[in-house]
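Coordinates in review
Single-letter residue listing:
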Amino acid sequence: MFWLDDFIKQLPMLPLQQLEDNFELTQFSDWPNAAGLNLLKKYIPDPLTDIPEFVCQSELVATDKYYEQIIYEQGVIPTRPSGWHDLFNGLIWLQFPKTKRLLNELHIVDINQYGVSPRTLRRNNLTHFDECGVVITYQASAANRELIVALKSHQWQQVFVGNRQKWGLELNSFMFGHANLEMLLNPFIGLTGKWLAVEVDEEFQTLPYQSQLLEVDTKLNSLIKEQHIFCEKKPLSPLPLLGIPEVWDANLAPSFYENTDYFRPKPQSSSINAQAPQITM
């Protein structure tokens, strides 16, 4: 079995198309692993950004240090070979290096203050976003801000059907969670991520993809740093990944969103007035 078979099979999915367009994974005859990820640094949005070296985990000296401590103290990213989880994690580092480094630093702040175990509320939230996060960008306007609130309120039909024409233009999705990417290789109804929103201007959609990544990374970094969102209880809202336009062909049919086991209404106990975390230009 060719190492890319699962990836190629799901290339019609927008997040995987974006990875292929950006990194040309099909150029590799075998798993890129740590060495390949280091070669792919030439594709990072800002060539001046310092990204830790990817190192095969088996080459590291055995230690009782936690994963995040190794990254912070040794300046390397332990990478297990021949597996999608760590490969996708590396590709997220290459697309959102500022935010990934910030998440690492926040882990270290809490580890130094509270110890490795048990994890703090903030570290649980950081890990959740690191694994399952999605960034939704929306063009600045009152109507689009209302759609972000509607998304937080689980108004799936309004966001995905009634305003479908805005997706890919005024609304865009960027996969941040590497576990999301891994699960998209074998998609299933029920696959759900957690999202944050970032406001952009009308020029955003005209930018090359690399420039969009750079802007999203910069704004996301600022949102996390300035609003301290991961110190809150449940700062993230659920997002049925297969409902995002261009992710799953079945969602072209409006009836796809009628599955209330997947597109669940917001629990009555949740506040429908809470604003989604967002940042403006």
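Bringing the overall build of the protein chain into the picture now. The helix and strand inventory of the protein chain stands at 11 helices and six strands. Computed over the C-alpha atoms, the radius of gyration of the protein chain is 19 Å, within 12% of the 19 Å expected from 2.2 N^0.38 for a compact globule of 281 residues. Principal axes of the C-alpha set define a box for the protein chain whose edges measure 55 × 45 × 35 Å. In the protein chain, which comprises 281 residues, the proportion classed as buried is 52%. Once local pairs closer than 6 in sequence are excluded, the contacts in the protein chain between residues at least 24 apart make up 72%. Counting every atom, the protein chain has about 13100 Å² of accessible surface; 52% of that belongs to carbon and sulfur.

On to the confidence of the model for the protein chain. In the predicted model, the protein chain carries a mean pLDDT of 94, and 95% of its residues have values of at least 70. Note on residues 271–275: pLDDT under 50 across the span, and seven contacts to partners over four residues away in sequence or across chains.

This part is about the side chain of N22. As for its position among the elements, N22 is in helix α2 (residues 14–23). Residue classification places N22 among the buried positions, given a relative accessible area of 6%. Ignoring sequence-local partners within four residues, the contact set of N22 consists of Y43, Q95, Y209, Q210 and L213.

Let's shift gears to the packing of aromatic side chains. Within this structure, the stated rule accounts for 20 aromatic pairs. Judged by centre distance (6.5 Å) and plane angle (70°), the rings of F2 and W3 are edge-to-face. Taking the relative accessible area as the measure of exposure, W3 reaches 7% and is therefore buried. Here the aromatic rings of Y262 and F263 are separated by 4.8 Å at their centres, their planes lie at 55°, and the arrangement is tilted. A relative accessible area of 6% means that Y262 is categorised as buried. Taking relative accessible area as the criterion, F263 reaches 2% and is therefore assigned buried.

Calculation notes
- Residues numbered from 1 in each chain as written.
- Predicted model: local features only at pLDDT ≥ 70, side-chain atom pairs only at ≥ 80, totals over all residues.
- Heavy atoms only, no water.
- Helix = DSSP H or I, 4+ residues; strand = E, 2+ residues; numbered from the N terminus.
- Rg over C-alpha atoms; globule rule 2.2 N^0.38 Å.
- Buried < 20%, exposed > 50% of the residue type's maximum accessible area, 1.4 Å probe, protein only.
- Contact = heavy atoms within 4.5 Å.
- Areas by Shrake-Rupley, 256 points an atom, 1.4 Å probe, with all protein chains shown as cover.
- pLDDT = per-residue confidence, 0-100.
- Phe/Tyr/Trp six-rings, centres within 6.5 Å; stacked < 30°, edge-to-face > 60°.

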